[in-house]
Amino acid sequence: MSKIWSEFKKSPISAIAKWQDQRFLWILMTVVCLALVAVAHYVFQDYGYMKPCEQCVYIRYAFVVMAIGGIIVAIYPKNIILKVIGYVLAFYGAIRGIMYSVKLNNIHHAAHSDDPFQEVQGCSAVPHFDFGLPLHIWFPDWFNPTGDCGFDYPTVPDGVVLEGFRKAFVDFYEDGWYLIPSQHFGNMAQCCLLAYVVCFVILAIMAISWIIDFSKKTKTH
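Residues numbered from 1 in each chain as written. Predicted model: local features only at pLDDT ≥ 70, side-chain atom pairs only at ≥ 80, totals over all residues. Heavy atoms only, no water.

1. Quick notes on unusual backbone geometry
Residue Tyr49 is not a glycine yet carries a positive backbone phi of 60°. Along the chain, Tyr49 turns up in the loop between helix 3 (23-47) and helix 4 (54-75). With a relative accessible area of 15%, Tyr49 lands in the buried category. (Helix = DSSP H or I, 4+ residues; strand = E, 2+ residues; numbered from the N terminus. Buried < 20%, exposed > 50% of the residue type's maximum accessible area, 1.4 Å probe, protein only.)

Below is the structure:
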């Protein structure tokens, strides 16, 4: 740790460029992105009965795109071609994720507004992914929207009786998904937006450092 810190103090740009030549950062990005998708599916959708909407499955898709970018670079981080492809996918996923999150937040705001003239834009039941990929057909449990945008309440199937922790979990989100449900603070779209913005900023710092360091090395040879 002291060696890493000393390298960073000596030359932050070179240190950041050097770190991303290792697999750790890329594997970390991949694990975080896939973990968020898994939590959304297994915890909130399956366990908490919160149906994903169209924008929700797009947000999942964007995280998966970022994860694929991380996997590609992790194959051999020092390979320029793989790193460029990985960066393109990671940035694309982050940008698309930001767009989906902003749109979902706008829909959420309109749906919960007291303004009777506030227009609420609905969501399609049939998603349209890049390149016409039928992800909702290939992986319906993960990418097929079954809920309405802006309304992320638990929908318990008829005949299902909840008990114990699961009942407490569902009741905890009875007013919808919020970071702090009791205060209605931080809806799902806002939290996803924050996650994507953080990812974008980190990627930008990494990419700029790598480009500058690569340019310096090219000039010295």
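We are not done yet, so read on.
2. Observations regarding the UniProt feature "transmembrane region" (unreviewed entry) in the protein chain
Residues annotated in UniProt with the feature "transmembrane region" (unreviewed entry) correspond here to residues 24-45, 57-77, 84-102 and 193-212. Helix makes up 100% of residues 24-45 and strand 0%, whereas the separation of the span's terminal C-alpha atoms amounts to 30 Å. Taken end to end, residues 193-212 is 100% helix and 0% strand, and its first and last C-alpha atoms sit 28 Å apart. (UniProt positions renumbered as here; feature names shortened; annotations may be inferred.)

3. Quick word on helix 4
The end-to-end C-alpha distance of helix 4, which contains 22 residues, comes to 32 Å, matching closely the 32 Å that a straight helix rising 1.5 Å per residue would cover. Along helix 4, 18 of the 22 residues are buried, which leaves the element largely enclosed by surrounding structure. (Expected span 1.5 Å × (residues − 1).)

4. Brief notes about the nonpolar core
Among the nonpolar cores identified, the biggest contains 37 residues, and Met66, Tyr87 and Leu203 are the most heavily contacted of them. Where this core is concerned, the elements lending two or more residues are helix 3, helix 4, helix 5 (80-111) and helix 9 (188-220). Counting 5 residues, the second-largest nonpolar core is a separate cluster that includes Phe44, Met50, Tyr173 and Trp177. (Core = buried A, V, L, I, M, F, W, Y, C linked by side-chain atoms within 4.5 Å.)

5. Description of the environment of Val64
Mapped onto the fold, Val64 is located in helix 4. The exposure class of Val64 is partly exposed, given its relative accessible area of 23%. Spatially, the C-alpha atom of Val64 lies 30 Å from that of Lys167, the residues being 103 residues apart in sequence. Not counting residues up to four positions away in its chain, the partners in contact with Val64 are Val37 and Phe143. (Contact = heavy atoms within 4.5 Å.)

6. Observations concerning the packing of helix 3 against helix 8 (residues 164-172)
Geometrically, a packed helix pair is captured by the angle between its two axes and the distance between the axes. Running from amino to carboxyl end, helix 3 crosses helix 8 at an angle of 90°, the nearest separation of the two axes being 10 Å. In this view, helix 3 runs roughly perpendicular relative to helix 8, as classed from their interaxial angle. Where helix 3 approaches helix 8, its residues Val43, Phe44, Asp46 and Tyr47 are matched on the opposing element by Phe165, Arg166, Phe169 and Val170. When grouped by side-chain class, the residues that make up the contact of helix 3 with helix 8 number 6 nonpolar, no polar and 2 charged. (Axes fitted to C-alpha atoms, helices over the stretch in contact; angles between N-to-C directions. Parallel < 35°, antiparallel > 145°, perpendicular 65-115°, else oblique. Nonpolar A, V, L, I, M, F, W, Y, C, P; charged D, E, K, R; others polar.)

7. Details of the confidence of the model for the protein chain
Of the residues in the protein chain, 90% reach a pLDDT of 70 or more, and the chain-wide mean stands at 89. Model confidence for the protein chain, summarised as mean pLDDT per element, is weakest for helix 1 (residues 2-10) at 63 and strongest for helix 4 at 97. (pLDDT = per-residue confidence, 0-100.)

8. Considering the environment of Arg60
In this structure, Arg60 sits in helix 4. Judged by relative accessible area, which is 6%, Arg60 ranks as buried. Taking the C-alpha atoms as reference points, Arg60 and Ala38, separated by 22 residues in sequence, lie 9.2 Å from one another. In this structure Arg60 touches Val37, Ala40, His41, Gln45, Pro52, Asp141, Trp142 and Phe143, once residues within four positions along its chain are discounted.

9. As for the packing of helix 3 against helix 4
Where helix 3 contacts helix 4, the axes come no closer than 8 Å and their chain directions differ by 150°. Regarding the angle of helix 3 to helix 4, the classification is roughly antiparallel. Read as a crossing pair, helix 3 and helix 4 show a hand that is left-handed. In contact with Arg23, Trp26, Ile27, Met29, Thr30, Cys33, Leu34, Leu36, Val37, Ala40, His41 and Gln45 of helix 3, helix 4 contributes Arg60, Phe63, Val64, Met66, Ala67, Gly69, Gly70, Ile71, Val73, Ala74 and Ile75. In terms of residue class, the contact of helix 3 with helix 4 is built from 16 nonpolar, 5 polar and 2 charged. (Left-handed = near helix turned anticlockwise from the far one by under 90°.)

10. Looking at the state of the cysteines
The final tally for this structure, using the stated rule, is 0 disulfides. Sulfur of Cys191: no disulfide; nearest cysteine sulfur belongs to Cys192 and is 7.1 Å away. A residue is classified by how much of its surface remains accessible, and Cys191, at 22% relative accessible area, is partly exposed. Cys199 carries a free sulfur, and the closest cysteine sulfur to it, the one in Cys33, is 5.3 Å from it. (Disulfide = S-S within 2.5 Å.)

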